[in-house]
Each structure stands twice: as C-alpha cells, then as structure tokens.
Amino acid sequence: MKLFKCQNCELILFFENRNCTRCGCVLGYLPVENQLSALQPAGNDLWQLMALPGALSKFCENAKYDACNWLIPATSHEKFCIACRHNRTVPDLSDEKNMENWRKMEFAKHRLFYTLLRLQLPLPNRVDDPEHGLAFDFLADTDPDKKVLTGHDEGIITLALKEADDAQRETMRTQMHEPYRTLLGHFRHEIGHYYWDRLIRDQQRQDESRAVFGDDRMDYAEALKRHYNEGAPANWQENFVSTYATSHPWEDFAETWAHYLHIVDSLETSNAYGIAVHPNITNEKVLHATATIDPYLLTSFEEFIDVWLPLTYAMNAMNRSMGLSDIYPFILSPNVIAKLSFIHQLVHSPLRVAVPVSSKISA
C-alpha cells in the first residue's frame, strides 16, 4: 500500500484515513486515480476535490456506516463505489456486533480491491455480468445447526461474519493448525478461486495450470475429506506454500494466488517507506535488498522475488525481537517460487481481458 499526503497541509496519510488529523479536512479515496483527496464541502452532499481542482464527487452510500471512504463522480447515477457495488448481501446492521464485524470486513475488502484495480484485473459485478460477475455475501450465523462457511461458488464469495471476531478467528486458526489466518487473507484466497475460473477455465488454459498445480479434475469433495482425515504429506513444504494447498489443485492455486497478493502489497508498502535490508555482517547478495520497485509495474519475476525474500527475513527477525510469531511464517521453496512465477505471468498476461473501470473523475 502506498502512502498519501494531504493536499491541504501535506501531512502523511494512510489508506483508511477519513479525516486529516492535522488540519481536520475530510478525506476521500479516488479508486481510478489512486489518490486520497482532501475535500471541501460543495453543498447537496457533494465535495470539491483538492487532488483534482474543479472536480466534484460524492461519497459511497456505505460511508454513512463508516465502512467506506471511496468516492464516486458527482454525475454518476451509482450510489455505491466500485468496491461496494459488488456487495450482494450484508448482515442485519441494526445489530451492533454485526455492524462492527461487517465494517472490519469492508476495510479488508477495500484493500483487496485496491490491489485488484492496480493490477487491472477484470472486476465485473453481477449487474455488469449476471452469469460470471463477482459478488459478496456477508453472512452471520442465525441457525446454530447451519453454520456459515466462507467459500466461493461461481463468482459468489461468502464471508462468515464470525471471522471478523478476533478471538473466534484465533481459536479457529489454532484448531486448524494454521500459522496465519486473517480477514485480508480470506479475501485474497477466495478471490483466487474466482480468477481461476476467469483466467484459467474461461480462457481454456487448464493444461498450463495443471502442469504447475496438478490435475484439477480430481474429485474435490474426496480430496478435502482425505486432507482433513490424513493431513498434509510429510514433505509438503517442498512443493506447497501451506498445508491447505496440498488438499487439491484448486486450493493450491488459490493459496498461491493469495500469497502473490501478499507479496505485491508488502512490496509496495516497503517501497513507500524506502525500506532497505543490508545486513552488516555479510556481503552475500542473497540477503541484501532495497525496496525501490513498484510491484505493479514490475514484469521481471526474478527481481520481484529477489527483493521479497530478504525482506521476509528482516520482518520475521523484527517480530521475534518483540516476542511475536513470524509475520510471514512461510517457506518459499524453489517449487513454490515457480508457482508464484506462474501467477505473476498470468496476472501480466496479454491474453487476459481487463474490464475498464468507468468511474474516473474529471475536472
């Protein structure tokens, strides 16, 4: 994630900021322009943009719930922003706990959309494409005998609202023997299934994918049953980024896709802060890196991963210094790196078709 700056007082701003803490300006995010703009009221719920003088915009409808700070052109007939337009079902927001958990999920979802938009990936909603569009159902458990499960089915991503409860999510992480479980991780994993459909299945690129991740035609239900009964093979880290990735080629793709998005976002953050890693006890280049690259513009995967690996060593060491678990508790073996390279090439492939976003705000 990049850093932003208030156009009114030049204070450094962060993606989720709603107000500048120095000058008090209301802030709104312009998704197409990738700008966080200071705003001045223009009447009738419209705002003048300091990032684009002369332009007017309005907030997404979900801003009234403090769940979104994204802007829409003043002339647009849309009530919701590019990200919130994909919501199909939201929980009962009269319930305070539901509201709190949904708001956390929206923060994670907007970070996901930031990345997807920067990568120029196709993002049709169910209005744009009723058959293949992307939609989200945020569901709370209402029946003790029917627990909501997070998952993906033909473009519909269901998010179990209880995942936003930190205590419950940590309990599930421990029970599932997972080193990492976050809301943003869920979004990135489930969207991986969506893009397998769009970029692999619908582009007839199954043979390419199978050569890397295995034969997806194996019975999915039986594969999951075997995984939960028997667990991952003893040498799983040689070929997979996580134990869950061993269950089925679809899950291997989704887990690898999620990790690719982890890396992209983290590299942009490192670049924004000018982070460099140069251990003072060795000259080995493998442990040195300077994050001066924009991962969204980088076409060379080798350079991409050469910067990432030294950063993970340093980040994990910092966490251990604080008595915390590794921030990136994964081993990227040569085979896993090859899978990440496949995702990188797929994302940047000229064969994929990006859906243009027509929400640019003009002055």
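No experiment lies behind these values; they were computed from the predicted model shown. (Residues numbered from 1 in each chain as written. Predicted model: local features only at pLDDT ≥ 70, side-chain atom pairs only at ≥ 80, totals over all residues. Heavy atoms only, no water.)

## Some details on the overall build of the protein chain
Okay, step 1: Counting secondary structure elements, the protein chain contains 8 helices and 13 strands.
Okay, step 2: Seen through its C-alpha atoms, the protein chain measures out along the principal axes to roughly 65 × 55 × 45 Å.
Okay, step 3: By the burial criterion, 48% of the 363 residues in the protein chain qualify as buried.
Okay, step 4: For the protein chain, the exposed surface amounts to about 18000 Å²; the carbon and sulfur share of it is 52%. (Helix = DSSP H or I, 4+ residues; strand = E, 2+ residues; numbered from the N terminus. Buried < 20%, exposed > 50% of the residue type's maximum accessible area, 1.4 Å probe, protein only. Areas by Shrake-Rupley, 256 points an atom, 1.4 Å probe, with all protein chains shown as cover.)

## Points about the packing of aromatic side chains
Okay, step 1: All told, the structure shown has 23 aromatic pairs when counted by the stated rule.
Okay, step 2: Pairing F213 with F342 gives two aromatic rings, centres 5.7 Å apart and planes at 80°, and the pair type is edge-to-face. In this pair, F213 sits in helix α4 (residues 206–213) while F342 sits in helix α8 (residues 334–347), placing the two residues 129 residues apart along the sequence. F342 shares its class with F213; the two are buried.
Okay, step 3: An aromatic cluster of three or more residues is present, and its members are Y194, Y195, F213, F253, W257 and F342.
Okay, step 4: When the ring centre of F136 is taken as reference, the NZ or CZ atom of K109 above it lies at 5.8 Å. (Phe/Tyr/Trp six-rings, centres within 6.5 Å; stacked < 30°, edge-to-face > 60°. Lys NZ or Arg CZ within 6 Å of the ring centre and 35° of its normal.)

## Observations concerning helix α6 (residues 249–273)
Okay, step 1: Taking 1.5 Å as the rise per residue, α6 with 25 residues should run 36 Å; its terminal C-alpha atoms sit 36 Å apart, in good agreement.
Okay, step 2: Within α6, 19 of the 25 residues are buried, which leaves the element mostly enclosed by the surrounding structure.
Okay, step 3: Just downstream of α6, G274 is the residue with a positive phi angle, here 65°. (Expected span 1.5 Å × (residues − 1).)

## Some details on the sheet that holds strand β8 (residues 87–89)
Okay, step 1: Reading across the sheet, the 4 strands line up as β8-β9-β11-β10 and stay open at both edges, with mixed pairing between neighbours. With one partner strand each, in any of the chains shown, β8 and β10 (151–153) form the two edges of the open sheet. On average, each strand axis in the sheet is inclined to that of its neighbour by 30°, with strand direction left out of account.
Okay, step 2: Pairing of strand β9 (residues 135–139) with strand β11 (residues 156–160) involves 5 bridges; the strand directions are parallel. Residue pairing across strands places L139 opposite A160, the latter belonging to β11.
Okay, step 3: Along the sheet face, helix α3 (residues 183–201) touches β9, β10 and β11 and points at about 20° away from the line of β10. (Pairing = 2+ DSSP bridges. Axes fitted to C-alpha atoms, helices over the stretch in contact; angles between N-to-C directions. Contact = heavy atoms within 4.5 Å.)

## A short note on a nonpolar patch on the surface
Okay, step 1: Taken together, the side chains of I12, F14, Y273 and I275 make up a nonpolar region of the molecular surface, amounting to roughly 380 Å² of accessible area.
Okay, step 2: In this fold, I275 is placed in the loop between α6 and β12 (276–277). (Patch = residues over 30% accessible without salt bridge, like charges linked within 9 Å, V, L, I, M, F, W, Y side chains within 5 Å. Salt bridge = Lys/Arg side-chain N within 4 Å of Asp/Glu carboxyl O.)

## Examining the pairing of strand β3 (residues 26–30)
When a strand is regular, its side chains alternate between the sheet's two faces.
Okay, step 1: The element β3 is extensively covered by neighbouring structure, given that 4 of its 5 residues are classed as buried.
Okay, step 2: Pairing of β3 with strand β4 (residues 35–43), which is carried by 5 bridges, proceeds in the antiparallel orientation. Across the sheet, the residue bridging to L27 is A38, located in β4.
Okay, step 3: With antiparallel pairing between neighbouring strands as the criterion, β3 and β4 make up a hairpin whose turn holds 4 residues, including N34 at a positive phi of roughly 55°.

## Some words on the side chain of K162
Okay, step 1: Residue placement: K162 occurs in the loop between β11 and α2 (166–175).
Okay, step 2: Apart from residues no more than four positions distant in its own chain, K162 is found in contact with D141, K147, V148 and Q168.

## Quick word on the environment of T256
Okay, step 1: Along the polypeptide, T256 turns up in helix α6.
Okay, step 2: Here the alpha-carbon distance between T256 and I337, two residues 81 residues apart in the chain, equals 9.3 Å.
Okay, step 3: What T256 contacts, discounting residues up to four positions off in sequence, is F213, V241, K339, L340 and I343.

## What to know about the pattern of salt bridges
A side chain with one charge can pair with a side chain of the opposite charge if their charged atoms come near.
Okay, step 1: Counted according to the given criterion, the structure contains 25 salt bridges.
Okay, step 2: Between D137 and R88 there is a salt bridge whose closest N-O contact spans 2.6 Å. Taken as a pair, D137 in strand β9 and R88 in strand β8 lie far apart in primary sequence, 49 residues in all.
Okay, step 3: Residue classification places D137 among the buried residues on the basis of a relative accessible area of 5%.
Okay, step 4: E208 is paired through a salt bridge with R205; the nearest N and O atoms lie 3.1 Å apart.
Okay, step 5: Through salt bridges with shared partners, one network takes in E154, D197, R198, R201 and D202.

## Focus on α4
Okay, step 1: All of the buried residues along α4 are Q206, S209, R210 and F213. Considered in projection along α4, the buried side chains sweep an arc of 100° and stay on one side of the axis. Residues of α4 that are exposed and point more than 90 degrees away from the buried face comprise D207 and A211.
Okay, step 2: Residues of α4 that are buried in the fold lie against α3, α6 and α8.
Okay, step 3: Directly beyond the C-terminal end of α4, a positive phi value near 105° is found at G214. (Arc of directions from axis to C-beta.)

## Some points on unusual backbone geometry
Okay, step 1: Backbone geometry places E10, a non-glycine residue, at a positive phi of 70°.
Okay, step 2: In this structure, E10 sits in the loop between β1 (4–5) and β2 (12–13).
Okay, step 3: You can call E10 exposed: its relative accessible area is 55%.
Okay, step 4: Even without being glycine, D45 reaches a positive phi, approximately 65°.

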